[in-house]
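Each chain, written out:
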Amino acid sequence: MLDKTGIAKRIAKEIKDGYYVNLGIGIPTQVANYIPENIDVVLQSENGLLGMGPFPWEGEEDPDVINAGKQTITMLPGSAVFDSAMSFGMIRSKKVNLTILGAMEVSENGDIANWKIPGKMVKGMGGAMDLVASAENIIVAMQHVNKAGESKLLPNCTLPLTGVNCVKKIVTELAVLDVLPGGGFKLLERAPGVSVEEIKNATAGKLIIEGDIPEMVL
């Protein structure tokens, strides 16, 4: 199975040259460290930054330069800083090509729940609702099962929704899956050492398997 770093490395392979990309809180923030050097990508942070670089080395952190998750980051040459109104104007006008974010649950129709567990304290929705409503392409980085071993890839989400019919691809510790327009998780790749049977057992929603499923190459 992949660890969180492995998930981030695999998602980095989905980023194309010329993309404007928003990285959500959690695993997605690690993707910035693994973007191939031969492509030109601009990372956007919803708190008001274009041109976000990888995490700084220890001792080189600047507490005034942070991402939306309040982690210290670096700024690349040519980067720009602006207010949240400008940032969300970019998001809502569909200037962001790809959004990568975490999730608590995803349904086989591409619905996503990633902001609230009823009965638990939550700081707020954040920018996730705007991002999932506006991005051309959404990739989710998540754990396939919860701590109790229950699937988080479901026929229907049980938690409050962030967006509907919006997720295009999912990368978990077990697999890479596409969410098909007609519904269902299509298995594309499996993590090194993970069997198709293990992925079947961990997926509660409709799982579509065609032919031999290759292992991921990180």
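- By the naming in an unreviewed UniProt entry, the protein chain is CoA transferase subunit B, taken from Mucilaginibacter psychrotolerans.
- The Sequence similarities (unreviewed entry) comment attached to the protein chain in UniProt states, word for word, "Belongs to the 3-oxoacid CoA-transferase subunit B family."

Considerations on the overall build of the protein chain
Link 1 in the chain: Counting its secondary structure elements, the protein chain contains 5 helices and 13 strands.
Link 2 in the chain: Here the C-alpha radius of gyration of the protein chain, 17 Å, is about what a compact globule of 218 residues would show, namely 17 Å.
Link 3 in the chain: Dimensions along the principal axes, computed over C-alpha positions, put the protein chain at roughly 45 × 40 × 30 Å.
Link 4 in the chain: Restricting the contact set of the protein chain to residue pairs at least 6 apart, pairs at least 24 apart contribute 62%.
Link 5 in the chain: If you sum the accessible surface of the protein chain, you get close to 11000 Å²; carbon and sulfur atoms cover 52% of it.
Link 6 in the chain: When the 20 positive and 26 negative side-chain charges of the protein chain are each reduced to one mean point, those points stand 5 Å apart.

Brief notes about the nonpolar core
Within soluble globular proteins, side chains that are nonpolar tend to cluster in buried spots.
Link 1 in the chain: With 51 residues, the main nonpolar core has Ile15, Ile100, Val106, Ile112, Val140, Val167 and Ile170 as its most contacted residues.
Link 2 in the chain: Discounting residues that sit within four places of it in the chain, Val140 has contacts with Ile11, Leu101, Gly102, Ala103, Val106, Ile112, Val167, Lys169, Ile170 and Val171.

A closer look at the sheet that holds strand S11 (residues 175–179)
Link 1 in the chain: Pairing in this open sheet of 10 strands is mixed, and the strands run S4-S3-S2-S1-S5-S8-S10-S11-S12-S13 from one edge to the other. Strand pairing shows two members of the sheet lacking a second neighbour, strand S4 (75–81) and strand S13 (207–208), which therefore form its edges.
Link 2 in the chain: In this structure, strand S12 (residues 185–190) lies alongside S13, joined through 2 bridges in parallel fashion. Bridging from a neighbouring strand, Phe185 pairs with Leu207 of S13.
Link 3 in the chain: Relative to the sheet, helix H1 (residues 4–12) contacts strand S5 (98–102), strand S8 (137–141), strand S10 (169–171), S11 and S12, its axis offset from that of S8 by approximately 160 degrees.

Details of helix H3 (residues 84–92)
Link 1 in the chain: Regarding H3, the residues found buried are Ser87, Phe88, Met90 and Ile91. Down the axis, H3 shows its buried residues gathered within 150 degrees of arc, on one side only. Among the exposed residues of H3, those pointing more than 90 degrees away from its buried face are Ala85 and Arg92.
Link 2 in the chain: Lining the buried residues of H3 we find strand S1 (20–23), strand S2 (42–45), strand S3 (49–52) and helix H4 (128–134).
Link 3 in the chain: Lys94, located one to two residues past H3, shows a positive phi value of around 65 degrees.

Notes on the side chain of Asp130
Link 1 in the chain: The topology assignment puts Asp130 in helix H4.
Link 2 in the chain: Other than its neighbours up to four places away in sequence, Asp130 contacts Phe88, Ile91 and Arg92.

Considering the environment of Val132
Link 1 in the chain: Residue placement: Val132 occurs in helix H4.
Link 2 in the chain: Placed 35 residues apart in sequence, Val132 and Val167 show a C-alpha to C-alpha distance of 7.9 Å.
Link 3 in the chain: Leaving out residues up to four positions away in the same chain, Val132 has contacts with Leu101, Ile112, Ile138, Thr162, Gly163 and Cys166.

Concerning the sheet that holds strand S7 (residues 112–113)
Link 1 in the chain: Taken in spatial order, the 3 strands make up an open sheet running S7-S6-S9, and their pairing is mixed. The sheet is open, and its two borders are formed by S7 and strand S9 (153–154), each paired with just one other strand.
Link 2 in the chain: Inspection of the sheet shows strand S6 (residues 105–107) paired to S7 by 2 bridges, in the antiparallel sense. By the bridge assignment, Val106 is partnered in S7 with Ile112.

The rules behind these values
- Residues numbered from 1 in each chain as written.
- Predicted model: local features only at pLDDT ≥ 70, side-chain atom pairs only at ≥ 80, totals over all residues.
- Heavy atoms only, no water.
- UniProt positions renumbered as here; feature names shortened; annotations may be inferred.
- Helix = DSSP H or I, 4+ residues; strand = E, 2+ residues; numbered from the N terminus.
- Rg over C-alpha atoms; globule rule 2.2 N^0.38 Å.
- Contact = heavy atoms within 4.5 Å.
- Areas by Shrake-Rupley, 256 points an atom, 1.4 Å probe, with all protein chains shown as cover.
- Lys, Arg positive; Asp, Glu negative; His and termini not counted.
- Charge placed at Lys NZ, Arg CZ, Asp CG, Glu CD.
- Core = buried A, V, L, I, M, F, W, Y, C linked by side-chain atoms within 4.5 Å.
- Buried < 20%, exposed > 50% of the residue type's maximum accessible area, 1.4 Å probe, protein only.
- Pairing = 2+ DSSP bridges.
- Axes fitted to C-alpha atoms, helices over the stretch in contact; angles between N-to-C directions.
- Arc of directions from axis to C-beta.

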